[in-house]
Structures are given as C-alpha cells and as structure tokens.
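# Architecture and fold: a report
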Amino acid sequence: DQQVKQNSPSLSVQEGRISILNCDYTNSMFDYFLWYKKYPAEGPTFLISISSIKDKNEDGRFTVFLNKSAKHLSLHIVPSQPGDSAVYFCAASANYQLIWGAGTKLIIKP
Amino acid sequence: GAGVSQTPSNKVTEKGKYVELRCDPISGHTALYWYRQSLGQGPEFLIYFQGTGAADDSGLPNDRFFAVRPEGSVSTLKIQRTERGDSAVYLCASSPSSNTYEQYFGPGTRLTVT
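Okay, so let's go over this structure. (Residues numbered from 1 in each chain as written. Chains lettered and ligands numbered in written order. Predicted model: local features only at pLDDT ≥ 70, side-chain atom pairs only at ≥ 80, totals over all residues. Heavy atoms only, no water.)

### With respect to the state of the cysteines
Residue and element names in this part refer to chain A. Taken as a whole, this structure holds two disulfides over all chains when the rule is applied. The partner cysteine of C23 in its disulfide is C90, sulfur to sulfur 2.0 Å. Judged by the torsion about the S-S bond (-70°), the C23/C90 disulfide is left-handed. Of this pair, C23 sits in strand β3 (residues 19–25) while C90 sits in strand β9 (residues 86–94), placing them 67 residues apart in sequence. Judged by relative accessible area, C23 falls into the buried class, the value being 1%. Using a relative accessible area of 0% as the deciding quantity, one classes C90 as buried. (Disulfide = S-S within 2.5 Å. Helix = DSSP H or I, 4+ residues; strand = E, 2+ residues; numbered from the N terminus. Buried < 20%, exposed > 50% of the residue type's maximum accessible area, 1.4 Å probe, protein only.)

Printed below as a string of structure tokens:
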C-alpha cells in the first residue's frame, strides 16, 4: 500500500516555462513534506519542504503547495532551466522516517 | 565540508556471499539512516540510528540484514547469504538530529547479486 504516490513517471517541459510536479498521499498523520532532487549516480539532495500547518512555501524558483483536504502537494519550478532536468522525489515525514514516492523524471527541453 | 560518503560505490557479489556496505556520515550528525532503492522506485527505509543505537530497525527485510554503528559515526550495513532480490542501490543519509526533517544523502552503493 503506497502511502505516497507520484503518478507521473516523467514530465517534459520547455525551458523557461513552468514545471509542475504532483504528489498524493494517504496518511493524514504526515506532519512534514519534502521534495528531493536526484541526478544519476548521486544521492538525493534536499530541495524544499513544507510543514503540514502551512499551505505554501517558496524558495527562489521553487514553490511547494500543500492541499491537506485533498492530500495533495505540488512543486512548481518557474522558470524551468536545463539544470533542473533530474528525478524529483516527494517524501513525507512520519516521525523520523521518510516515506517516498516513486519519483518523476523531469526533462527540460531547450 | 565533506558530505556523506559511501563505499564501495559498486559491489558485485555471487548469490550466497556476505557483503558489507560502509557509510561515513557528515561529521557531528547524530542521526543516520539506511535506505534501499530498487529500480523505478523511491528509497525504502531500512534502519535508523540515533548515536550508537538502532532506534528503529523495522524496515530491515529479514534477519539476513544487520547494521551497526559502534562509535556513533561510521555505520556498516551487513547482508548475509545474499540473494538476487537484494540487488539495489543502498543509500545512507545523516542529519544533525532525529528532530531534523532534512536528511543528507550519500551517493549510494549499487549492489548486484549474480
């Protein structure tokens, strides 16, 4: 039973446009949500997070939105740049454990 | 400063053999986590250390898997009688404390069991 789902295995976006990555979860006890970015042959690197008591967090080109009633969060990247091409993982925190989605491969086209 | 390092980066072993995977966390980080990532999936929690003790090993799939962190720094994940299904990337992460949500990951060890 997947508690964190990323339903799009891949996403292709034109450079300069907005990239929107989506994530759904089932456990209402999650108290923190994080997005990680992963390049091939490297470990995931932390990108941005949001507490369950907030509905938006912004950091430069990256914004995460949380809709608790829908148990849905999204990551917006604007404008998208070629270096943003990577696999993006959504993770939810239950105490110290991170429960991860399967990832979405983002491809930024020049 | 140095990030999390893992050795070896790649390990190929025969079915039935014993392997050890090493993790060097960021200096001063008290919390250490092991995850396993299979192809096309997100990381899956295995075990969590706070200091020297395993605070939660509920993610270890069976008793062939064991991990230690004897001095509260370096950790070793040990797999006995390896099986082909153990093939995956094993990721280690550390954080300043268990109250920190952000975890810092190493590059992983790709284990292939033939």
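### Details of the nonpolar core
Judged by nonpolar contacts, the single largest core of 24 residues is most densely connected at F33, W35, L73, L75 and Y88 of chain A. Elements supplying a minimum of two residues to this core: β3, β4 (32–38), β5 (45–51), β7 (62–67), β8 (72–77), β9 and β11 (104–109) of chain A. Ranked by the residues each element gives to this core, the list is headed by β9 of chain A, at four residues. In this structure L75 of chain A touches S19, I20, L21, W35, L47, I48, F62, T63 and Y88 of chain A, once residues within four positions along its chain are discounted. One finds V19, F49, A67 and A88 of chain B within the second-largest nonpolar core, a separate group that totals 20 residues. (Core = buried A, V, L, I, M, F, W, Y, C linked by side-chain atoms within 4.5 Å. Contact = heavy atoms within 4.5 Å.)

### Describing the pattern of salt bridges
Opposite charge on two side chains lets them pair, provided their charged atoms get close. Summed over the entire model, instances satisfying the criterion amount to six salt bridges over all chains. Residues E58 of chain A and K56 of chain A are paired through a salt bridge, measuring 4.0 Å at the closest nitrogen-oxygen approach. Residue K56 of chain A is classed as partly exposed on the basis of its relative accessible area of 42%. Among the salt bridges present, the one from R64 of chain B reaches D86 of chain B, with a minimum N-O distance of 2.8 Å. Highlighted residues: R64 of chain B in the loop between β6 (53–56) and β7 (65–68) and D86 of chain B in the loop between β8 (75–79) and β9 (88–95), separated in sequence by 22 residues. With a relative accessible area of 7%, R64 of chain B lands in the buried category. Salt bridges linked by common partners bring R64, E83 and D86 of chain B together as one network. (Salt bridge = Lys/Arg side-chain N within 4 Å of Asp/Glu carboxyl O.)

### A few points about the side chain of R69 of chain B
All names here are of chain B. You can see R69 is positioned in the loop between β7 and β8. Notably, R69 is buried but unbridged: the nearest opposite-charge side chain belongs to D24, and the N-O separation is 9.4 Å. Polar side-chain contacts of R69 include one of 3.0 Å to the backbone oxygen of H29. In terms of polar contacts, R69 uses its side chain to reach the backbone carbonyl oxygen of G72, at 2.9 Å. Ignoring any residue separated from it by four or fewer positions in sequence, one finds R69 in contact with P25, H29, T30, A31, L32, F49, Q50, G51, T52, V74 and S75. (Lys, Arg positive; Asp, Glu negative; His and termini not counted. Polar contact = N/O pair within 3.5 Å; in protein donor to acceptor, adjacent residues only side chain to side chain.)

### A few points about the pairing of β3 of chain A
Residues and elements named next belong to chain A. The two faces of β3 differ: S19, L21, C23 and Y25 on one face are buried, but I20, N22 and D24 on the other face are not. Direction of pairing for strand β1 (residues 4–5) relative to β3: antiparallel, over a ladder of two bridges. Within the sheet, the bridge partner assigned to K5 lies in β3 and is D24. Judged from the six bridges that link them, β3 and β8 form a sheet pairing that is antiparallel. (Pairing = 2+ DSSP bridges.)

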